[in-house]
Amino acid sequence: MNWSTVATAMLPEHMLLAGVVVLMLQAIFGRARAVPMLALAFVLAAALAALWLYAEGVRAAPFAGQFSIDPQAAVAKALILALAAPVMLMAREQFADSTPFGVLMLSSLYGVCLMLSADSFLTLFMGLELMSLPLYALVLLAYRRADGAEAALKYLIMGGAASTTLLMGMSLLFGATGSLALSAFPAALGQFGDTGSATGMLATGGITLFIAALFLKAAVVPFHGWAPDAYEGASVPVTAYMSTLVKAGVLLAAVRLFADSAVPALLVGLIVALPLASIVWGNLAAIRQASFRRMIAYSSIAHAGYLFLAFLGAPAGRFQAVAFYAVTYALANLLAFAALPRLAAEAASDRIDSLRGLYARSPFGALMLGLAMLSLAGIPPLPGFVAKFLVFSNVMAAGHVLVATLGLVASYLGIYFYLRVIQYAFMGASETVAPAVRGPAIAAAVLCLLPVALLMLFPAALLGRLA
Amino acid sequence: MFDPTVLAGALNLVLWLPLAAMLALLVIDRDDAIRHFSLGVMLAQLLLVAVLYLSFDARDPGLQFETRVPWIPAWGVHYHIALDGYNVLLVALTAFLGPLVVAGAFSAVTKDVRLFYAMVLLIQFAMIGTFVAQDLFLFYIFWEAMLIPMFLIIGIWGGERRIYATLKFVLYTAAGSILMLAAMIYLVWSLYSTTGITSFAFADLYRSQLTLEVQTILLAAFGLSFAIKVPMVPFHTWLPDAHVEAPTAGSVILAGVLLKMGTYGFLKIGFPLFPDATALLAPAIMVLAVLAIIYGACLALVQTDIKKIVAYSSISHLGYVMLGLISLDLLGIQGAILQMVSHGLVAGGLFLMIGMIYERCHTRELAAYGGLAKILPVYSVFFAILTLASIGLPTTSGFTGEFLVLLGAFAAAWPAYQQGEVLPLAMAVGAVSGVVLGAMYMLWFAQRFLFGAVRVPQAHGHEPGGSHASVIADLNGRERAILVALAAAIFWLGLFPAEPLRKTELAAQQYQQLVSTPRAAPAQAPAQAMAAGGEEAR
């Protein structure tokens, strides 16, 4: 262990840790003020640090066998940390004096970063837990609604189930390969479905449990039940964070887990069936929702499906596809949440109905919301389309023509409910008199809008860097 | 006349000007300023297109005023736009209708004026882009980008059932688009796996070699998307709803340009990319085309809503375009292209005129009108001109297009008949009956609308029994200017079709050659395939 390597290679993590410490000191020695903005500063510093690691092409393992950094991990961290900036801006007013919000948020991000650099099952597990535990509290934070507690509890129990499933999977894989290194996973993939030998059985069971845990964390059908409740129960910034960055973190960690190995033929069925079911069910169930956040939850269930389908593509293009998709998806979701009008009563502002006539009240908010919905629906020229195209062309190029076609057809189901939001915002007569979108929300929206516009005109700029 | 790079720049300007203008609308405040600014932009675009049209070299079979820049290099996607014989007339049509649409909406649209003109400019951008794109990826993006502005135009400024109509329009169109996307990915991937080229350029895709089976599936997927847009029977049910509920500007854009996207798709992509499948499916396509001609005409005959009459007549007229394209006869193909332009002018004009009367009387019920010729002489003259052009009277554009298509259909059917194939001839004869039906419904419509006892719906706020002249005024200067421009274009195409036809001749030959040369994978030597698709080989 080389301390200077620890200092540089873990710079993004250090920045987040420093943020946690500063926020706590602020609460101890003074009055908690402008917490999200302070957190924002540290998040941006961490993002810049990650960007620097990427630009320098740093490859180092400060804790050999546990934690390492390479350009791919660095760019993933940079993207996720940068995407956390709008979340902080959205929280500026609601959580202005809430030290727990800042600390929990930074800790959770620390967990994401840890996952993305994990070299062993232990680090991966630690990262996953560090990401999830603060979330259970965040769901409850500053929320006065009765079902907020229920949502948090549901999330906690499902999260606990995911953790135990993951641990069980790890133990089985340890039994099969005798190793806790992350590379044990791709090694075991080769033995997947080999029911003739004891190690084959262990590997099969371990990988299945591993994937089930990932599906649980990313809310893939049939492990999705917690998402609508948790999303609806939490406050807007937390929902925005959960539905985008947490999902992106889990998926990118999964990419790291699969490394260079293709999905074995026997596993393809699992990776096809559940994500496809996820796309279909997510898109269909979203149509019936009256709550905006529940709708976004089902939409995110569908998007988790697309993201996992990307694993069928050639391993070389997997990171690019998942990362690009996750970024465009997260941007669109964050844009939508930032543009959402805030009403005095949170429950009322969550009804899709309350978006009626939004264009008349707040043209800017309505336009942002519209763009976000179109990007989520994958309608060109918005970046969501390029992402979907990338995923499905990878899947098709890997020979899964039928899967790609079915996936695209299933994505058609989703167009209606995204358009319905636009229909309400632009074509409905205004019922409520709601305040226009406020300053920080506009800042957050612009922060998302700019990259959306750039990705629309120059998708190759990001695609090239992820390749 | 001008330097080629200047002209290429002008084409880029034609494409991007509406988008830039749309963004500029953000800072323009007064409604009137927005209207005049939009009109100015459209006129500037028309001027640029006129320069390009005049500089277009009819003897050059390749791409002209070309811009080709890598856009997503890893996928072989280029920002590649150019004019060629396929699109030059359609770009001209789009640019020509632009100012008319904008001016036509001056008094009709009073709600959310800024958003309205932003959407009109956006759809203008997307339509021009769809035509000039020489890269399938770019084509698809523009194709889809047309969806949203139209969704809003119908949904915000439409009639009573606008939400239903606009959702139906979008969901129909998007269903086709999704299949087209899947087919496009497969097509490009198979091009890569057979030739090692990653490219979306049409010129490269024309060289793809696919088995008949794959071609058929892909043609079905692309074809469905185009057939919905045309619309071909039985995928036409969205059209009457969309047309009836859309505001005038929406109807004009829809009938004038958007429907041509479907036939243009067949012309540029569907048939030339999959020649063997086209040969296989030609009888079915022919039957559907003639079915559309006759069925559309019959439906138009029984409508009581004046907008619906024109909507169903569109289905009928676009059947001719499909018939001409599938006849693979040079005259038929050129006639089809001309018919696209002519229908754009005539149907666009009819919708504009219906909009003008609707603004005055607020009803589209045919039974409420009668004898307009007596009280609105100027209106009636223009309406009669458009009616006759729609029927295809000689000296109007409708005649040239339809006549060439029928000529081509017979020219292609006769040799087939001599070899014992009856179907093409039967279809050609069937198409002629469509001309008769067309005359029936349009003349009957005009007769009930313009002649007979004077009957005018009372506009709100007027006492029943008041003098008719005080109830509705004849056309004002703006409206007259719009219609004079339209009528001039219609007669110009009818009297001097040789000049525009010359511009499309080489493209029609290219298309004919591409579609009639078999290219199924195992049967074809590579050298021949190169000859078939190699006109634009780089």
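Residues numbered from 1 in each chain as written. Chains lettered and ligands numbered in written order. Predicted model: local features only at pLDDT ≥ 70, side-chain atom pairs only at ≥ 80, totals over all residues.

1. Concerning the overall build of chain A
In step 1: Helix and strand content of chain A: 22 helices and two strands.
In step 2: Scaling as 2.2 N^0.38, a compact globule of 467 residues should have a C-alpha radius of gyration of about 23 Å, and chain A matches this with 21 Å.
In step 3: In terms of overall dimensions, chain A has a C-alpha envelope of 65 × 55 × 45 Å along the principal axes.
In step 4: In chain A, of all internal contacts separated by at least 6 residues, the share reaching a separation of at least 24 is 78%. (Helix = DSSP H or I, 4+ residues; strand = E, 2+ residues; numbered from the N terminus. Rg over C-alpha atoms; globule rule 2.2 N^0.38 Å. Contact = placed C-beta atoms within 7 Å.)

2. Here's the deal with the overall build of chain B
In step 1: A count of helical and extended segments in chain B gives 22 helices and two strands.
In step 2: Across the 538 residues that make up chain B, the buried fraction comes to 60%. (Buried ≥ 20, exposed ≤ 12 C-beta atoms within 10 Å, placed from the backbone.)

3. As for the environment of Met126 of chain A
In step 1: Checked against the element boundaries, Met126 of chain A lands in helix α6 (residues 121-140).
In step 2: Considering only alpha carbons, one finds Met126 of chain A and Leu369 of chain A, 243 residues apart in sequence, at a separation of 36 Å.

4. Structural notes on the interface of chain A and chain B
In step 1: Opposite the 26 residues of chain A that make contact, chain B presents 26 residues.
In step 2: Every element with two or more residues in the side of chain A that touches chain B is listed here: α18 (383-397), α19 (401-412), α20 (415-427) and α22 (459-466) of chain A.
In step 3: No other element matches the seven residues that α19 of chain A contributes to the side of chain A that touches chain B.
In step 4: A per-class count over the side of chain A that touches chain B returns 21 nonpolar, five polar and no charged. (Nonpolar A, V, L, I, M, F, W, Y, C, P; charged D, E, K, R; others polar.)

5. Considering the nonpolar core
Among soluble globular proteins, nonpolar side chains are generally buried collectively.
In step 1: In this structure, Val43, Val322, Tyr325, Ala326, Leu335 and Leu369 of chain A together with Met322 of chain B are the most contacted members of the largest nonpolar core, which totals 419 residues.
In step 2: Setting aside residues up to four positions removed in sequence, Leu369 of chain A forms contacts with Ala336, Ala339, Leu340, Leu358, Val421 and Ala425 of chain A. (Core = buried A, V, L, I, M, F, W, Y, C linked by C-beta atoms within 7 Å.)

6. Focus: helix α21 (residues 498-516) of chain B
Residue and element names in this part refer to chain B.
In step 1: Taking 1.5 Å of rise per residue, the 19 residues of α21 would be expected to cover 27 Å, and the 25 Å separating its terminal C-alpha atoms lies within 8% of that figure.
In step 2: By the largest-angle criterion, Thr504 marks the main kink of α21, which is about 40 degrees.
In step 3: Those residues of α21 that sit buried are Pro500, Leu501, Lys503, Thr504, Ala507, Ala508, Gln510, Tyr511 and Val515. (Expected span 1.5 Å × (residues − 1). Bend = angle between axes of the 7 residues up to and from the residue.)

7. Focus on the packing of helix α3 (residues 88-104) of chain B against helix α14 (residues 330-361) of chain B
Residue and element names in this part refer to chain B.
In step 1: Following both chains from N to C, one finds α3 and α14 inclined at 5 degrees, their axes separated by 10 Å at the closest point. When the interaxial angle is binned, α3 and α14 end up roughly parallel. Touching Leu89, Leu90, Leu93, Leu97, Leu100 and Gly104 of α3 are Ile337, Met340, Val341, Gly344, Gly348, Leu352 and Gly355, all from α14.
In step 2: Classifying every residue of the contact of α3 with α14 gives nine nonpolar, four polar and no charged. (Axes fitted to C-alpha atoms, helices over the stretch in contact; angles between N-to-C directions. Parallel < 35°, antiparallel > 145°, perpendicular 65-115°, else oblique.)

8. A look at helix α17 (residues 397-418) of chain B
Because an α-helix packs 3.6 residues into every turn, residues spaced three or four apart end up facing the same way.
In step 1: An ideal rise of 1.5 Å per residue puts 32 Å on 22 residues; α17 of chain B measures up with 32 Å between its terminal C-alpha atoms.
In step 2: Directly after α17 of chain B, the chain includes Gly420 of chain B, whose backbone phi takes a positive value near 100 degrees.

9. Observations concerning the pairing of strand β1 (residues 60-63) of chain A
Residues and elements named next belong to chain A.
In step 1: Pairing geometry for β1 and strand β2 (residues 67-69), over two bridges, is antiparallel. Bridge assignment links Ala60 to a residue of β2, and that residue is Ile69.
In step 2: Between β1 and β2, which pair antiparallel one after the other, the connecting turn spans three residues, and Gly65 there sits at a positive phi close to 80 degrees. (Pairing = 2+ DSSP bridges.)

10. Quick notes on the packing of helix α12 (residues 275-301) of chain B against helix α18 (residues 423-450) of chain B
Residues and elements named next belong to chain B.
In step 1: At a minimum axis distance of 9 Å, the contact between α12 and α18 shows a crossing angle of 20 degrees. Between α12 and α18, the interaxial angle falls into the category roughly parallel. Relative to α18, α12 is oriented so that their crossing is left-handed. Mapping the contact onto sequence places Pro283, Met286, Val287, Val290, Ile293, Ile294, Ala297, Cys298, Ala300 and Leu301 in α12 and Leu423, Pro424, Met427, Gly430, Ala431, Ser433, Gly434, Leu437, Gly438, Met440 and Tyr441 in α18.
In step 2: Residue classes in the contact of α12 with α18 are distributed as 17 nonpolar, four polar and no charged. (Left-handed = near helix turned anticlockwise from the far one by under 90°.)

11. Structural notes on unusual backbone geometry
Excluding glycine, residues mostly have negative phi values, and the peptide bonds linking residues are mostly trans.
In step 1: Note the cis peptide between Pro380 of chain A and Pro381 of chain A, where omega equals 5 degrees.
In step 2: In this fold, Pro381 of chain A is placed in the loop between α17 (363-377) and α18.
In step 3: Cis geometry is found at the peptide bond from Val230 of chain B to Pro231 of chain B, where omega equals -10 degrees.
In step 4: Inspection of the secondary structure assignment puts Pro231 of chain B in the loop between α9 (212-229) and α10 (238-245).
In step 5: With phi around 45 degrees, Ala34 of chain A is a residue other than glycine that occupies positive phi space.
In step 6: Note that Ala34 of chain A resides in the loop between α2 (11-29) and α3 (35-56).
In step 7: Note on Ala34 of chain A: 15 C-beta atoms within 10 Å, which makes it partly exposed.
In step 8: At His362 of chain B, a residue that is not glycine, the phi angle is positive and equals roughly 60 degrees.
In step 9: You can see His362 of chain B is positioned in the loop between α14 and α15 (372-375).

12. Overview of the pairing of strand β2 (residues 77-83) of chain B
Residue and element names in this part refer to chain B.
In step 1: Burial runs high along β2: five of the seven residues are buried.
In step 2: As judged from the six bridges shared by strand β1 (residues 64-72) and β2, these two strands associate in the antiparallel manner. Note that in β2 the partner of Pro70 across the bridge is His78.
In step 3: Counted along the chain from β1 to the antiparallel partner β2, the turn is four residues long, and its residue Gly76 has a positive phi close to 70 degrees.

13. A look at the environment of Met242 of chain A
All names here are of chain A.
In step 1: Within the secondary structure layout, Met242 lies in helix α11 (residues 236-258).
In step 2: Given 23 C-beta atoms within 10 Å, Met242 falls into the buried group.
In step 3: Met242 sits 72 residues away from Ala314 along the chain, and the two C-alpha atoms are 28 Å apart.

14. Regarding the environment of Phe383 of chain B
Residue and element names in this part refer to chain B.
In step 1: In this structure, Phe383 sits in helix α16 (residues 377-391).
In step 2: Taking the C-alpha atoms as reference, Phe383 lies 9.3 Å from Ile354; in sequence the two are 29 residues apart.
In step 3: Apart from the residues within four sequence positions on either side, Phe383 is in contact with Met353, Ala446 and Leu450.

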